[in-house]
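These are the residues of each chain, in order.
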Amino acid sequence: MVTGSSAGEKDEHSLGFEETELRLGLPGGGSGGEGDVGKNSGKRAFAETIDLKLKLQAAVDTKDMAAEGAAVKLMRSPSQMSIAASATDPEKPPAPKAQVVGWPPVRSHRRSMLAVQSEKPSKEDGERPAGSLAAFVKVSVDGAPYLRKIDLKMYRSYQELSMALQKMFSSFTSVSSSCGSRGTNGGDSMNEGKLVDLITGSELVPTYEDKDGDWMLVGDVPWEMFVESCKRLRLMKGSEAVGLGQYISTFHCTTS
Amino acid sequence: MTEDCDGEEKDEETRRWSPGQGGSSSRGGGSGTSSSSPLKNRCVRGRVDQPPPFSGQVLENVLENVLQFLACRRDRNAASLVCRSWYRAEARTRLELFIGNCYAVSPARALGRFRCARALVLKGRPRFADFNLVPVGWGARFSPWVAAMAAAYPWLERVCLKRMTVSDADLALLARSFSSFRDLTLICCDGFGTPGLAAVAELCRNLRVLDLIENDVEDEDEEVVDWISRFPETDTCLESLSFECVNCPVNFVALEALVARSPCLRRLRVNQHVSVGQLRCLMVRAPQLTHLGTGSFETVPVADGAAELDVAELESSFVASKSLVCLSGFRMVAPEYLPAIYPVCAGLVSLNLSYAMTTAEQLKPVILRCHNLQTFWVLDTVGDEGLRAAAKTCKHLRELRVFPFEATEDSESAVSDAGLVAISEGCQKLRSILYFCQRMTNAAVVTMSKNCQDLVVFRLCIMGRHRPDHITGEPMDEGFGAIVMNCKKLTRLAVSGLLTDKVFEYIAKYGKLVRTLSVAFAGNSDLSLRYVLEGCHKLQKLEIRDSPFGDAGLLSGIHHYYNMRFLWMNSCKLSLRGCKEVAQRLPRLVVEVFGDQNKELDSDAVEKLYLYRSLVGPRDDVPSFVKIL
């Protein structure tokens, strides 16, 4: 029986293993749909970030997303769930079992409806406590003629989010092939996550609109705060961010 | 409620495709076959187009008059195989074109053969696309179809699409091109928004049915169009209007006016932006409704402090709706309004509470009145106790679906094996069940298999992967084995929990009528796949994820793939070599391989495989991440 099978991995998870797995080899490994196991390491290096506020004007101007074209129009699919296996920071308490894409097999339509409902104040004693089960935001990628909705609660770090976005928009982005070292510093491992716009060659800058309507650079705030305040995501072409000085093209997480 | 066409697909295509069949057929009359043998295509077409002699013509006319009464497509397929004359006559009289896989045939070919069709049913993506396993941009676009039909079918009346990508431009073209168009049903589609709906509303003057079910509708704020206002100002012919999935606020004034001028309206399903007070207005306008989707079923706080809707007032609306047989919606249900539906419960045949977080206590007074219920969809928040109440009353229940409130592997679920047993004891006429739970036992499943022998669809989802019988700790093999053994009418099966090769041995041995099989995180080895592919002769659709099946298992199905609609496998143990071999040995099969962009394409492991028979070879709209072998 071939080991290292996806069945084997899941058994580990069901036993509550939270270890991060360090693996060498091609990203995406060959095993299981959650192929990005190998990409996860523990902490992220703290990288210089600049608190940038990107105003929306530039975004609006370039928003003719070829939607008018005869080609496939806005194809927005329901959220994609995290595919990362255990990637917890060893310092944090054990996280719940990693989610698997599309399991349990409930349509996203249904999930998002119920998530919305669970957030309303619960009037009934018998009801479940109203915690927000999901945080759906729209994601747009410059150059892609469709949007997607994702549930930020499915991810636990910027790295996981980055992985998921790469998968989602795989036809429009490619990952630069440098497989950096996987030291615990994590500094070089960030490079694997660069989103490179296939068409123009410029890197995509992840930005998000927060509760106040301001466009911020992703990665400035701790992950949890980001999830709470993010209303929508947009991966901008690097050229949009001209004049803003140094910018980050990958996700970084501040250690809190 | 057609969230999934379960075992209701009775007339599946059953053409026997034999690999390697070439030359002229040995069937009587030679070329009078359907186009199932591609090598004979040209030959068949050439002869078909020649006009028959006079007496033959008369005979064909007679034949057409007879064949037009044949509705079932399987019967029609059989009739078309008799001889050339019957083939032609059948082609001219087929009114509904059912295409289960949009890539199995091209628009030109389908429309070229069936020149008089008035209705098209078209299905696109494989079902696992619903769970984000098919990357965005994979395909299944409606555009080429609508473009071809605009030219070929001026009398088109009806279109039903499932899991297709439909753009606003497609909808506009549809609306412009067919003056008799009357019926549009979109299920689990995406790519369109309110502008497309506006075009349909405005231009389809004879529209009777507009059913939008579980679609992913674009609702970009900047682009939302008030499509409800676009319906003609005169009385409409609308019979059914369902837009629960359109997640934008609607112009209620326009909606109410529309309902008021639609005297034929029988089915109305509104979205959650319609409050219960507004619902009442609609019900007053349309007391003749048979199907009602109630929208939010809660009050929206009104700025001017107007009084909230009185439950009694709402109840009186339900009293007045004497024809109601199907209730759904309850998207935000305020429990105090639930009693308003008591007056109609006794007449209800179908009740969908699957978006309502009702507890057992809230459910009981409702369900205890629903003596005639045949279809019941509910959330697991009602628990085993709620299911017991349903089992006590709903003796005619045919279909039950219990959805999880919290769809994660480690959530708490209030339903378990106990609920399943209760249902099986109370509802022995059950034909279809979909049951999500966290705890299950073989004994419960065995009990159900013995009590509910009419089961046609059995889908059990134990949400924790590889979870065994929670009492004995054993795999769930025996339970599912009992299902296939005892439920002799079973055509659709979905398995879950800890499962070994044994369960597949059972399925192969007893599941002789199984057409659709869904497998996830199951089995030990290639044996499982081999069992199924060798034993389940009627297997049409096989979808597998995260199971340790490799090339040997894949190759064991070579004799059968031409008889299937598709095989889907992701995250198994397949290699490029094995998939290539299948592609080589079965030239009429399209073998698509795709996966993460990250991987080097010459890495041998295959992440996702989707194979299907096709008359037209590899499709021409393949995205970059898909490779056709």
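Identification of chain B as F-box domain-containing protein from Musa balbisiana is taken from an unreviewed UniProt entry. Here is the UniProt Subunit (unreviewed entry) comment for chain B, exactly as written: "Part of a SCF (SKP1-cullin-F-box) protein ligase complex. May interact with auxin and auxin-responsive proteins." The UniProt entry for chain B carries the following comment under Subcellular location (unreviewed entry): "Nucleus".

The name recorded for chain A in an unreviewed UniProt entry is Auxin-responsive protein, from Musa balbisiana. Check the Subunit (unreviewed entry) section of the UniProt entry for chain A; it says "Homodimers and heterodimers." In the Subcellular location (unreviewed entry) part of its UniProt record, chain A is described as follows: "Nucleus".

Novice: Please explain the UniProt feature "domain: Transport inhibitor response" (unreviewed entry) in chain B as it appears in this structure.
Specialist: In this structure's numbering, the residues bearing the UniProt feature "domain: Transport inhibitor response" (unreviewed entry) are residues 117–161 of chain B. End-to-end, the C-alpha atoms of residues 117–161 of chain B are 16 Å apart, and along that stretch the chain is 22% helix and 20% strand.

Novice: Hey, could you run me through the confidence of the model for chain B in this one?
Specialist: All names here are of chain B. Here chain B shows a mean pLDDT of 88. Residues at 70 or above account for 89%. Across chain B, strand β17 (residues 492–494) holds the top mean pLDDT of 98, while helix α1 (residues 41–49) sits lowest at 45. Predicted confidence is poor over residues 1–47, with pLDDT under 50, and the contacts of this stretch with residues over four places away or in other chains come to 116 contacts. Scored as a complex, the prediction yields pTM 0.75 and ipTM 0.82.

Novice: What's the story with helix α15 (residues 417–426) of chain B in this structure? I'm lost.
Specialist: Owing to its 3.6 residues per turn, the α-helix brings residues three or four apart onto one side. Residue and element names in this part refer to chain B. Burial within α15 is extensive, with seven of its 10 residues counted as buried. Among the residues of α15, Asp-417, Gly-419, Leu-420, Ala-422, Ile-423, Ser-424 and Gly-426 are the ones counted as buried. Tucked inside the fold, the buried residues of α15 contact α14 (383–393), β14 (399–403), β15 (432–437) and α16 (442–451).

Novice: Explain the pattern of salt bridges here, please?
Specialist: Close approach of charged atoms lets side chains of opposite charge pair. According to the stated counting rule, one finds 31 salt bridges over all chains in the structure shown. The partner of Lys364(B) in a salt bridge is Glu361(B), with the nearest N and O atoms 3.5 Å apart. Of this pair, Lys364(B) and Glu361(B) both sit in helix α13 (residues 360–367), three residues apart, which is roughly one turn of the helix. Shared partners join several salt bridges into a network, and the residues in it are Arg107(A), Asp130(B), Arg163(B) and Glu214(B).

Novice: Any chance you could explain the packing of α16(B) against helix α17 (residues 477–486) of chain B here in plain terms?
Specialist: To characterise two packed helices, one gives the angle between the axes of the helices and the distance between these axes. All names here are of chain B. Orientation of α16 relative to α17, taken along the N-to-C sense of each, is 5°, at an axis distance of 7 Å. Here α16 is positioned roughly parallel relative to α17, judged by the angle of their axes. Counting all contacts with α16, which are made through Asn-442, Val-445, Val-446, Ser-449 and Lys-450, the residues of α17 involved are Asp-477, Glu-478, Gly-479, Phe-480, Ala-482, Ile-483 and Asn-486. Here the residues of the contact of α16 with α17 sort into five nonpolar, four polar and three charged.

Novice: Sorry, what's going on with the UniProt feature "domain: COI1 F-box" (unreviewed entry) in chain B here?
Specialist: Cross-referencing UniProt, the feature "domain: COI1 F-box" (unreviewed entry) maps to residues 57–94 of chain B in the present numbering. Helix makes up 76% of residues 57–94 of chain B and strand 0%, and the two end C-alpha atoms of the span are 18 Å apart.

Novice: Looking at this structure, I do not really get the pairing of strand β9 (residues 267–270) of chain B. What am I missing?
Specialist: Residues and elements named next belong to chain B. Pairing geometry for strand β8 (residues 240–242) and β9, over three bridges, is parallel. Paired with Ser-240 across the two strands is Arg-267, which belongs to β9. Since β8 and β9 lie parallel, the crossover through helix α9 (residues 252–260) that links them has a hand, and here it is right-handed. Here β9 pairs with strand β10 (residues 291–294) via four bridges, running parallel. Within β10, the residue paired with Arg-269 across the bridge is Gly-293.

Novice: Sorry if this is basic, but what is going on with the packing of aromatic side chains here?
Specialist: Working definition: an aromatic ring pair is given by the centre-to-centre distance plus the angle between the planes. Applying the stated rule across the entire model yields 25 aromatic pairs over all chains. Summarising the aromatic geometry, the rings of Tyr158(A) and Phe226(A) are spaced 5.2 Å apart at their centres and angled 45° between planes, so their arrangement reads as tilted. Residue Tyr158(A) is found in helix α4 (residues 158–168), and its partner Phe226(A) is found in helix α5 (residues 223–229); the two are separated by 68 residues along the sequence. Per residue, the accessibility class of Tyr158(A) equals that of Phe226(A), and both read buried. Site record: aromatic cluster; members linked through ring pairs are Tyr103(B), Phe128(B), Phe131(B), Trp138(B), Phe566(B), Trp568(B), Phe594(B), Tyr610(B), Tyr612(B) and Phe625(B). Sitting over the ring of Phe403(B), Arg110(A) keeps its end group 3.5 Å from the ring centre. Here the basic side chain of Arg331(B) rests over the ring of Tyr355(B), its NZ or CZ set 3.7 Å away from the ring centre.

Thresholds applied
Residues numbered from 1 in each chain as written. Chains lettered and ligands numbered in written order. Predicted model: local features only at pLDDT ≥ 70, side-chain atom pairs only at ≥ 80, totals over all residues. Heavy atoms only, no water. UniProt positions renumbered as here; feature names shortened; annotations may be inferred. Helix = DSSP H or I, 4+ residues; strand = E, 2+ residues; numbered from the N terminus. pLDDT = per-residue confidence, 0-100. Contact = heavy atoms within 4.5 Å. Buried < 20%, exposed > 50% of the residue type's maximum accessible area, 1.4 Å probe, protein only. Salt bridge = Lys/Arg side-chain N within 4 Å of Asp/Glu carboxyl O. Axes fitted to C-alpha atoms, helices over the stretch in contact; angles between N-to-C directions. Parallel < 35°, antiparallel > 145°, perpendicular 65-115°, else oblique. Nonpolar A, V, L, I, M, F, W, Y, C, P; charged D, E, K, R; others polar. Pairing = 2+ DSSP bridges. Right-handed = clockwise from strand over helix to strand, strands pointing away. Phe/Tyr/Trp six-rings, centres within 6.5 Å; stacked < 30°, edge-to-face > 60°. Lys NZ or Arg CZ within 6 Å of the ring centre and 35° of its normal.

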